[in-house]
Amino acid sequence: MNNNRLLDEDKKRKNISITGVAPNEQEENIINSFNKHLHFTLVKDRNSATNRDFFQALAHTVRDHLAGRWIRTYQHYYSKHAKGICYLSLEFYIGRSLTNTMINLGIKDSCDAAIARMGLEIEELQSMEEDAGLGNGGLGRLAACFLDSMATLGLAAYGYGIRYDYGIFTQKIVDGWQVEEPDEWLRFGNPWEVARPEYVRKVQFYGNVEQTKKGSKWVNTQTVLAVPFDTPVPGYGNNVVNVARLWSAKAPDCFNLKIFNDGAYLDAVIERNIAENISMVLYPNDNNFEGKELRLKQEYFLVSSSLQDMIRRYKANKPVNLICKTMVMTDFPDKIAIQLNDTHPALAIPELMRLLVDEEGLTWEMAWNITFRTCSYTNHTLLPEALERWPVSLMQRLLPRHLQIIYLINHYFLEDVKAKYTNDVQKLKHLSLIEEEPVKQINMAHLAIVGSHTVNGVSKIHSHLLKTETFRDFFELFPERFQNKTNGITPRRWLLLCNPDLAQLITYHIGERWIKNLEDLRKLLISNVAHVVNNDPEVGDKLKLVFLENYRVTLAEIVIPAADLSEQISLAGTEASGTGNMKFMLNGALTVGTLDGANVEILEEVGQENIFIFGMTVDEARKIKTSCYNPYSYYFTNPVLKQALDQIRDGFFSPDDPAQFRNIFQNLISNDHYCILADFEPYVDIQKRISDIYQRPMEWAQLSLRNIAASGKFSSDRTVAEYAREIWNVEPNDTVLPTPLETPLSPSVGVDM
Ligand SMILES: *Cc1c(COP(=O)(O)O)cnc(C)c1O
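Not measured: the values here are computed from a predicted model. (Residues numbered from 1 in each chain as written. Predicted model: local features only at pLDDT ≥ 70, side-chain atom pairs only at ≥ 80, totals over all residues. Heavy atoms only, no water.)

### Quick notes on the sheet that holds strand E22 (residues 612–613)
1) Next: On the basis of which strands lie adjacent, the open sheet formed by 3 strands has the order E20-E21-E22 and parallel pairing. Since the sheet does not close on itself, it has two edges, and those belong to strand E20 (565–568) and E22, each with one partner.
2) Next: Contacting E20, strand E21 (590–593) and E22, helix H32 (residues 697–709) runs over the sheet at an angle of about 85° to E21. (Pairing = 2+ DSSP bridges. Helix = DSSP H or I, 4+ residues; strand = E, 2+ residues; numbered from the N terminus. Contact = heavy atoms within 4.5 Å. Axes fitted to C-alpha atoms, helices over the stretch in contact; angles between N-to-C directions.)

### Some thoughts on the packing of helix H4 (residues 98–105) against helix H5 (residues 108–117)
1) Next: One way to put it is that H4 packs onto H5 with a least axis distance of 7 Å and a crossing angle of 125°. For the element pair H4 / H5, the angle class is oblique. Within the contact between the two elements, H4 uses Thr99, Met102 and Ile103 and H5 uses Lys108, Cys111 and Asp112.
2) Next: Each residue belonging to the contact of H4 with H5 can be placed in one class, and the counts come to 3 nonpolar, 1 polar and 2 charged. (Parallel < 35°, antiparallel > 145°, perpendicular 65-115°, else oblique. Nonpolar A, V, L, I, M, F, W, Y, C, P; charged D, E, K, R; others polar.)

### A word on the packing of aromatic side chains
1) Next: Counted under the stated rule, the structure contains 22 aromatic pairs.
2) Next: Geometrically, the ring pair formed by Tyr632 and Phe636 is stacked, given 5.9 Å between the ring centres and 20° between the ring planes. Placement of the pair is Tyr632 and Phe636 together in helix H28 (residues 631–637), with a separation of 4 residues, close to one helical turn.
3) Next: Three or more aromatic residues joined by ring pairs form one cluster here, namely Tyr87, Phe146, Tyr723 and Trp728.
4) Next: The ring of Trp494 carries Lys583 above its face, with NZ or CZ at 4.2 Å from the centroid.
5) Next: In this arrangement the basic side chain of Arg649 is found over the ring face of Phe665, its NZ or CZ atom lying 5.0 Å from the centre. (Phe/Tyr/Trp six-rings, centres within 6.5 Å; stacked < 30°, edge-to-face > 60°. Lys NZ or Arg CZ within 6 Å of the ring centre and 35° of its normal.)

### Some thoughts on the site of the ligand
1) Next: Taken together, 13 residues lie near the ligand, and Arg552, Gly578, Thr579, Gly580 and Lys583 sit nearest.
2) Next: Contact distances for the ligand include 3.0 Å between an oxygen atom and a backbone N or O atom of Gly580.
3) Next: The contact in question runs from an oxygen atom of the ligand to an N or O atom on the side chain of Lys583, over 2.6 Å.
4) Next: Looking at the shell around the ligand residue by residue, the classes come out as 5 nonpolar, 5 polar and 3 charged. (Near = heavy atom within 4 Å. Polar contact = N/O pair within 3.5 Å; in protein donor to acceptor, adjacent residues only side chain to side chain.)

So this is what it looks like as structure tokens:
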């Protein structure tokens, strides 16, 4: 028996939790700390404090439990020379942090008890926390699930993102119409983040390039400061605390010196807004490219500040000998891995080239070797309207040096292509990073593929379509670069936190190992649990349609555990993966879905008797589209469909404004881009079968349990472990760090954060 095991056994005997403190003592400590924060941090007494004050006091109490673990985690990585995994994403859709932090630190029960003893309601305090809504949907939520899994797997991971002042807008429905309101999530302060102004970075824009004897020089630039704010990311039950470093834009003192010098002091101060606008607001685009200059500024702002930070930390961790600079940088790819969450941070490639060549003095060849071995790229969509293409004219104005570098990358790349396909002009045109029509623009996906050692899709079918359709020419050139990494979701937030009753039921039957090893759910035997669900579910006698306003992480945590049926009905070949489908499955909903995205793998895991698959396959959908798809024929031959469409056309659903939905009818009849009419009849048929089974609660419950039992594959722990081994070249580990109480922090190790 090893020491860790002995420690565990010992703890069990003494009834000591992972925090190293007996529960009663822990509760006592929490109450003391809570009162201390209410008094000293919030400066309130119990009579004048609001629920928000109580939330803040609890959040600070919980944060105190993070601090020692956080410092120790950094000391640990430093002493191990751990490879830094840098996840670059324009979005981190985190949601709330209080309950998740308490759960991952193992102090939730003590906190609940302490709050109850003080006569307060834990749910009320939890509901005071604003969602960190720094994302649009799946892509941003994936980044947040990955942070949780990377910390839980003990990886030295850093999320790099932007600290938007305004996250995804708050949705209000007024008279049936959507109204978007600003999301002022920082209004009452953010108890989790720590500002690190000492690690501020300078990011340059505009200017021009001068050729000197020593090489190219980017001059006459405008500077914006990037100030990092660190958000702790606790691993589950391992005392690891990683960090998401989010950058906030700030004008330097000298910003717009010209106006200052002209004596227009107030104008100059007001002008500072232009710089600080960069991190003001998240663009509310999901699967859609808009091409705004401010967005390009955001992308470069993130990439430049993060790369400078990585190089700073890389050098700080080096057992110094900076005499030969180039020697020092060569093992950069062994110490740092950069994962690009879609092409949004793809400027990391030319920016790393610029830093290595212009700032560090490396040759182009050495710099390219380092860049290419460091970066990898995840593609998230096949939809052409989502692929980023930045006009060359804009790049020339905003980032002239980067445009030069991109041209040079393209030049060397096309030289290699020519050597392979002697003068196949068509090939060269397809592969080029620069497109000539309709305007001259940079294809960011092409840049990301050429500059990365690995490219991955996010489900089997999606990765297959990348190789055979979207990036077929690149696959032919670099077959070894292409991989699949099917998405996942963290079982901590998406079961343990959001569905505690189901979590407890599962733990009662198979123990708590599933929380870190989701494949354990296979151990559920249906008969063991059957008695729990043999009460008839209350089925209302009316069908009700409710639109849930302001969907966000916190609302998903409520809706998903309550769902019976998960509708994943995209046209095959249009959804890259989906993760909502996985959350529903883990919480026992049955899936009605097409053979699209991760639905295909859900079917593989659960078996066809336990899922409702309908509609066209990718091949059938492709075929119907190329053979003059005629939606009108479906309208004409299916009376149920005809009635439904006529009702849309004639104002059945909009009696006050009968013409309101006429364009929907028109669009479906004449174009129907997603072939909804072709999939309509099989959908209606399968819904009949679903209703039939829903009448038999025991049978439904069995299907539900089989889905839960088969959902293990979809843990983001599995996804991240695959990225670690097959892309980042690091091994996950289950090291449990000691708590600060068990072993004091080492005072002799000074670690750069
Ligand atoms: C999981 C999640 C998504 C992504 O859901 P899909 O069904 O995969 O599109 C979007 N928004 C929120 C709030 C989520 O939690």
